[in-house]
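This is what each chain is made of:
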Amino acid sequence: MPLHLTVNDEDRVSVRDPLTPLVDVLRDEFFLTGAKIVCREGFCGACTVWVDGRPVVSCLLPVGLAVDCKIHTVESLSTNGDLSVLQKAFEDHDAVQCGMCFPGMLMTLTSFLDREPRATREEIKAALVGNVCRCTGYERIVDAAFSLASAG
């Protein structure tokens with residue numbers, strides 16, 4: 001039975017089993033490969049997307065539960081090839097190394113900074129608890145987010 005989804009403000013139809021993880025549908029059916037498959041246990045945050053405006057690890061969410069929800073992936077952050085302010089801050093602070101955690105970090109921090117535009121460094125660190133990065137040591141990521149919080 002077809003599953004009707006709204007992904008990045010576009011109507012999409014999936015023919016997968018409703019129990020298929022959302023990340024698999026996004027990557028394999030819709031070719032939105034920004035959400036990364038790393039742990040498949042909801043631990044690393046690399047597959048984070050927004051479902052109805054809230055960050056969700058898409059490896060644990062069955063696609064059937066995303067029907068009638070608004071899904072946004074990291075691909076939705078840039079407009080006409082222009083980076084979002086957080087993407088630009090990541091670039092300016094050289095915050096990305098291997099890139100596996102990058103999409104989840106962006107989705108988590110964009111949502112957080114929308115809610116907490118004057119966040120402290122400690123609040124930014126706390127917001128990242130569900131996102132694992134093995135390369136950077138987090139400082140440049142926190143620096144990038146804080147540069148926006150302190151500028152806001």
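Procedures and definitions
- Residues numbered from 1 in each chain as written.
- Predicted model: local features only at pLDDT ≥ 70, side-chain atom pairs only at ≥ 80, totals over all residues.
- Heavy atoms only, no water.
- Helix = DSSP H or I, 4+ residues; strand = E, 2+ residues; numbered from the N terminus.
- Rg over C-alpha atoms; globule rule 2.2 N^0.38 Å.
- Buried < 20%, exposed > 50% of the residue type's maximum accessible area, 1.4 Å probe, protein only.
- Contact = heavy atoms within 4.5 Å.
- Domains from an automatic or database assignment.
- Salt bridge = Lys/Arg side-chain N within 4 Å of Asp/Glu carboxyl O.
- Polar contact = N/O pair within 3.5 Å; in protein donor to acceptor, adjacent residues only side chain to side chain.
- Nonpolar A, V, L, I, M, F, W, Y, C, P; charged D, E, K, R; others polar.
- Core = buried A, V, L, I, M, F, W, Y, C linked by side-chain atoms within 4.5 Å.
- Pairing = 2+ DSSP bridges.
- Axes fitted to C-alpha atoms, helices over the stretch in contact; angles between N-to-C directions.

A. Structural detail: the overall build of the protein. For the protein, the helix and strand inventory stands at 5 helices and 5 strands. In sequence order, the protein lays out its α and β elements as β-β-α-β-β-β-α-α-α-α. For 152 residues, the compact-globule estimate of 2.2 N^0.38 gives 15 Å, and the protein sits close to it at 15 Å. Each principal axis of the C-alpha distribution contributes one length, and for the protein these read about 50 × 30 × 25 Å. Considering the protein as a whole, with its 152 residues, one finds that 43% of them fall into the buried category. Look at the contacts in the protein between residues 6 or more apart in sequence, and 55% of them connect residues 24 or more apart.

B. Unusual backbone geometry, seen in detail. The phi torsion at Arg40 lies on the positive side, around 60°, for a residue other than glycine. Its place among the elements puts Arg40 in the loop between helix 1 (22-29) and strand 3 (48-51).

C. Main features of the domain arrangement of the protein. We note that the domain assignment places domain 1 (3-75) and domain 2 (85-151) within the protein. For domain 1 versus domain 2, the separation of C-alpha centres amounts to 21 Å. Counting every contact that joins domain 1 to domain 2 gives 0 salt bridges. Here domain 1 and domain 2 share 4 residue pairs in polar contact (both at pLDDT 80 or more) between them. Per-element accounting of the side of domain 1 that touches domain 2 gives the leading share, 3 residues, to strand 3. A class-by-class count of the residues in the side of domain 1 that touches domain 2 yields 9 nonpolar, 6 polar and 1 charged.

D. Layout of the nonpolar core. Residues Phe90, Met105, Leu109, Leu113, Ile124, Leu128 and Ile141 are the most contacted members of the largest nonpolar core, which totals 23 residues. Of all the secondary structure elements, the ones that give two or more residues to this core are helix 2 (85-92), helix 3 (102-115) and helix 5 (139-151). If near-sequence neighbours (up to four positions away) are discounted, Met105 is found in contact with Phe90, Leu128, Asn131, Val132, Cys133, Tyr138 and Ile141. With 20 residues, the next largest nonpolar core counts Leu5, Val7, Val23 and Ala35 among its residues.

E. Fine view of the sheet that holds strand 1 (residues 3-7). Across the sheet, which stays open at both edges, the 5 strands sit in the order 2-1-5-3-4 with mixed pairing between neighbours. A strand with exactly one partner marks an edge of an open sheet, and here the two such strands are strand 2 (10-14) and strand 4 (54-57). Averaged over all pairs of adjacent strands, the angle between strand axes in this sheet comes to 40°, irrespective of strand direction. Bridge analysis of strand 1 against strand 5 (residues 70-72) gives 2 bridges, and the strand direction is parallel. Bridging from a neighbouring strand, Val7 pairs with Ile71 of strand 5. Running over the sheet, helix 3 touches strand 3, strand 4 and strand 5 and is turned about 40° from strand 3.

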